[in-house]
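# Topology and contacts: notes
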Amino acid sequence: MYLVITEKPSVGMSIGKVLGVETRKEGFLEGTDCLISWCVGHLAEYASPDAYDSKYEKWNFEDLPILPDRWKLMISEDKKKQFYLLKKLLLLPELEYVVNACDAGREGELIFRQVYDLSGCTKPVKRLWINSMEDRAILDGFKNLKSSKDYDNLAKAAICRSKADWLIGMNATRAFTNKYYKLLRIGRVMTPTLSLLEERAKQIREFQKEKYFNVEMDCNGMLAVKKKIFDEMQAEELVRKCNGADAVVTGVEKTEKKKKPPLLYDLTTLQRDANRYYGLTAKQTLDLAQKLYEEKLITYPRTDSQYLPEDAEATARRVITLIHEKYHPLGPFDEPKQPFLKQVIDSSKVTDHHAILPTEELRNYDLHSLKETEYQVLFLIAIRLLMATDQEYKYEEISVQVESKGELFEVKGKKILQYGWKLYEECFKNDQGMAMEEFCASEKEFPEVIKETIFRCVPVQKTVHYTTPPKEYTEDTLLAAMETAGNKDFEKETEKKGLGTPATRASIIEKLVFSKYAVRKGKQISCTEDGKLLIEVVPDYLKSAALTAEWENKLLEMEKGNLTDQSFLEGIKGMVMLLISDCRKLSSEQTHKFDTRKAIGTCPVCGNPVYSGKKNFYCSNRDCSFVLWKENNFLEKMGKTMDEATAKALLQKGRVTMTDLYSAKKNKYFNADLVMEIEDGKARFQLEFPKNTTRKKEN
C-alpha cells in the first residue's frame with residue numbers, strides 16, 4: 001500500500017483517474033493498493049511570534065530581534081480537518097511508502113515536507129516530477145519515480161526562503177511600526193518592488209513638460225521632417241525659409257534588418273502578454289494557467305525556462321499541427337508552415353521545467369467549454385509556439401535625406417522582405433485571424449525613392465509637440481522591471497537575476513495592493529501615498545533590488561548543493577540585526593517625521609510630545625514613564641475624568657481650575673485648582689482653593 005499526496009484536490013482526481021484509483025472517500029481516494037489525498041495548498045505555516053513567547057503579543061521594540069532557535073509550524077483552523085486526515089493516512093501501519101505528487105517546484109516541495117514532518121511519518125518518500133498532467137506524462141512519471149533525497153537541496157532552499165521572509169517581515173514590520181507610529185509592512189521582495197513603483201512615481205512628479213516643434217515638408221505625400229526644435233523662433237524661421245521652395249533627395253540609405261522570433265513562454269512573459277493584451281493581472285494569469293494545467297491542456301506553468309529539451313521536439317511538432325487544426329490562425333484555408341524547432345531546443349537552458357506549451361489533449365478537447373479568460377490564455381500559449389518556431393522577420397529600413405535651401409530633412413520607412421513570425425503576431429491581434437494576403441495588403445510599403453529626385457514648390461509647416469513623462473507601470477512593465485532589477489550589478493554569467501521568481505511575482509504584486517501600498521487603475525499600477533511614506537523611511541539595503549536578487553541566487557546555489565542552509569540564514573539574521581541597530585539610532589525628529597498625530601503638549605519629564613491615546617495621554621518617548629490617565633481614582637472620587645482640555649492645561653501651566661467637583665462627604669459641589677507635580681517621573685495631583693489652602697491631596 002502506498003499513499004500519493006498532491007497539492008490540490010483536482011490534481012488528485014486527475015492522477016486517480018489515470019491510476020484507476022477512483023473510489024471516493026471523505027478527503028481522499030481509495031484503490032486496491034493505493035490511496036490518494038491532497039494538501040489544499042499550504043496547510044502549514046510558520047507560527048507568529050506570540051507562539052514562541054506571550055510577550056510578543058505586544059509590539060515592543062526592546063523585544064526585537066525575534067530569532068527563533070526552533071521553528072514552529074502551525075495549521076490554520078480552516079485546514080486542520082484535512083491535515084489530521086493526512087496525518088492519519090501517513091501513519092497507517094500498512095503503508096509502505098509515500099509519493100510526493102505536489103507541484104514540481106520549490107513551493108510544492110515545501111508544502112509536502114511541512115505536512116510530512118508535522119505528521120511524524122518516517123516512511124520512505126518517492127517524488128513524482130512531471131511537466132504535464134497528460135495521462136501519458138502521469139503514467140511515465142509513476143514508472144520513473146525519483147528518490148525524495150534527490151530533492152533535499154530544493155527543500156532546503158524552499159524552507160530557507162520561507163524563513164527568510166518571516167525573519168525580515170516580522171522583525172522589520174515591528175521595528176518600523178514601533179519607531180514611526182504607523183503600521184509599516186516590510187517584505188524581503190515586496191519592499192524593493194514597491195521601491196520600483198515609487199521611483200517611477202517620483203520621475204512623473206518631478207517631470208517638467210517642455211514644448212518643442214517639428215517642421216514637416218510634404219514631398220508628394222511623403223513627409224520629410226526635422227524633429228525636436230525647442231526654439232519656436234528657429235522653427236518659424238525654418239518654415240519661412242523653405243515653404244514653397246524646391247526640395248531634392250540627396251541620399252537614400254537602405255539597411256537590411258532582422259528580428260528573431262520571440263522565445264517560448266515562461267511564466268513571467270506569459271503574465272506580461274496576458275496583461276498587455278487582455279488586462280489580466282499576474283495572479284489571474286497564474287491561476288488560469290494552473291487551471292489549464294490541471295485540465296491537461298498546457299504543461300507546467302511555474303517555469304522560468306523559455307526552451308525545450310531535445311526529447312520534447314517530436315511532441316512539439318505534433319502540437320504545432322494540432323494548433324493549426326484547432327485554431328486556423330492564418331484563415332479558413334490555413335496550411336501549417338514548416339516549423340523551425342531547433343531554435344527553441346536547448347537542454348542546457350532547461351532546469352526543472354521546460355517552457356510552457358499546449359499539450360496533445362487539444363485534439364479532443366472542446367475549447368468552447370472553456371471560460372473566456374481560460375481560452376485567451378491558452379490561445380496566447382498556442383500562438384506563441386507558432387511564432388517561436390517560425391522564421392525571422394526581415395525588412396529593409398530606408399532612410400531618405402531631403403534638402404531644401406541648405407536645410408536637411410529626413411523621412412524613414414521600411415520594406416518587408418520576409419514576414420516570418422510577424423504574420424502570426426499580426427493575425428493574433430485580429431480576434432478572428434486574417435488570411436496572409438489580407439495582412440500583406442494591410443502593410444503600407446514605403447514608396448520607391450530615387451536619389452536626386454526633385455519636388456517642386458514643397459509646402460512646409462511646423463507642428464507643436466510636448467515632451468511626455470515616463471508612463472505609469474502596468475503589470476506587464478512592472479513584471480519586466482522585477483525580472484531585470486539589479487541586473488547591472490551582476491556578472492553576465494549569473495544565472496538568476498531580478499526580484500522574486502516567476503512563481504512568486506504575482507503574489508508580491510497582490511500583497512502590495514492588499515497592503516494599500518499600490519493601487520490599480522485599469523491596467524496601470526502605481527504607488528500610493530502610504531507606499532511613498534514607506535519607501536522614504538526604509539534604508540537602502542531593504543529596498544535594494546540587487547541585494548534581494550543576490551539572495552535569490554544564493555537559494556539557487558543551495559538547490560545545487562553549493563551553499564548550506566545555515567550559511568544563508570546566518571546572512572539573513574545579520575541583516576535583521578543591522579536593521580534593528582539602525583532603527584535604534586533613529587532620532588526623535590526622524591521618527592516623528594511622518595507622525596500624523598497631533599500633540600496636545602510637551603512632556604514635563606523629558607520634553608517629548610504628548611499624545612492622546614485610547615485610555616490616556618502618553619509621552620511619545622517609550623523610555624519615559626510619564627502618563628495622564630483619562631480615568632483615575634483622584635478625579636473619579638469627585639465625579640470627573642481627565643479630558644483633553646484639562647490635560648493640555650496641566651502640561652502647559654501645571655494647574656487648571658475645575659468647577660463642579662463633588663464632595664461625597666459633604667454631599668455638595670465645589671470649585672478648586674487641580675495642581676500637577678512630578679515625582680520620580682510620574683504625575684501627582686493635589687487641590688488648591690482660592691485661599692491657597694490645600695484641601696485634597698493624592699496618596
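In what follows, the structure referred to is the one given above.
Our subject in this report is the structure included herewith. Nothing here was measured: the structure is a model prediction, and the numbers come from that model.

## What to know about the side chain of Glu198
By secondary structure assignment, the location of Glu198 is in helix α6 (residues 190–205). Beyond its immediate stretch of four places on either side in the chain, Glu198 contacts Arg205, Cys527, Lys532 and Ile535.

## What to know about the packing of aromatic side chains
Following the criterion strictly, the structure yields 21 aromatic pairs and no others. With a centroid separation of 5.1 Å and an interplanar angle of 65°, the aromatic rings of Tyr46 and Trp71 are classed as edge-to-face. Separated by 25 residues along the polypeptide, Tyr46 in strand β5 (residues 44–46) and Trp71 in the loop between β5 and β6 (73–75) bring together distant segments of the chain. Judged by its relative accessible area of 14%, Tyr46 is buried. Seen in terms of ring centroids, Tyr327 and Tyr375 are 5.9 Å apart; in terms of plane orientation they differ by 65°. Their pairing is edge-to-face. In this pair, Tyr327 is assigned in helix α10 (residues 313–327) and Tyr375 in helix α11 (residues 372–388), connecting sequence segments 48 residues apart. A residue is classified by how much of its surface remains accessible, and Tyr375, at 31% relative accessible area, is partly exposed.

## Concerning the sheet that holds strand β2 (residues 23–25)
With mixed pairing, 7 strands are arranged side by side in an open sheet as β2-β3-β4-β1-β7-β8-β9. The two strands at the open ends of the sheet, each matched to only one other strand, are β2 and β9 (146–147). Judged from the 5 bridges that link them, strand β1 (residues 2–6) and strand β7 (residues 97–101) form a sheet pairing that is parallel. Bridge pairing links Tyr2 to Tyr97 in β7. Contacting β1, β2, β3 (28–30), β4 (34–38) and β7, helix α1 (residues 9–19) runs over the sheet at an angle of about 160° to β4.

## Notes on the pattern of salt bridges
With the rule as written, the count across this model stands at 48 salt bridges. The partner of Asp135 in a salt bridge is Lys296, and the shortest N-O contact between them spans 2.4 Å. Highlighted residues: Asp135 in helix α4 (residues 135–143) and Lys296 in the loop between α9 (282–294) and α10, separated in sequence by 161 residues. With its nearest N and O atoms 3.1 Å apart, the salt bridge here joins Glu313 to Arg317. Of this pair, Glu313 and Arg317 both sit in helix α10, 4 residues apart, roughly one helical turn. Judged by relative accessible area, Arg317 falls into the partly exposed class, the value being 32%. One continuous salt-bridge network, built from bridges that share partners, spans Arg272, Asp273, Arg276, Arg384 and Asp476.

Conventions used here
- Residues numbered from 1 in each chain as written.
- Predicted model: local features only at pLDDT ≥ 70, side-chain atom pairs only at ≥ 80, totals over all residues.
- Heavy atoms only, no water.
- Helix = DSSP H or I, 4+ residues; strand = E, 2+ residues; numbered from the N terminus.
- Contact = heavy atoms within 4.5 Å.
- Phe/Tyr/Trp six-rings, centres within 6.5 Å; stacked < 30°, edge-to-face > 60°.
- Buried < 20%, exposed > 50% of the residue type's maximum accessible area, 1.4 Å probe, protein only.
- Pairing = 2+ DSSP bridges.
- Axes fitted to C-alpha atoms, helices over the stretch in contact; angles between N-to-C directions.
- Salt bridge = Lys/Arg side-chain N within 4 Å of Asp/Glu carboxyl O.

Remember that the coordinates give geometry; whether it matters functionally is a separate question.
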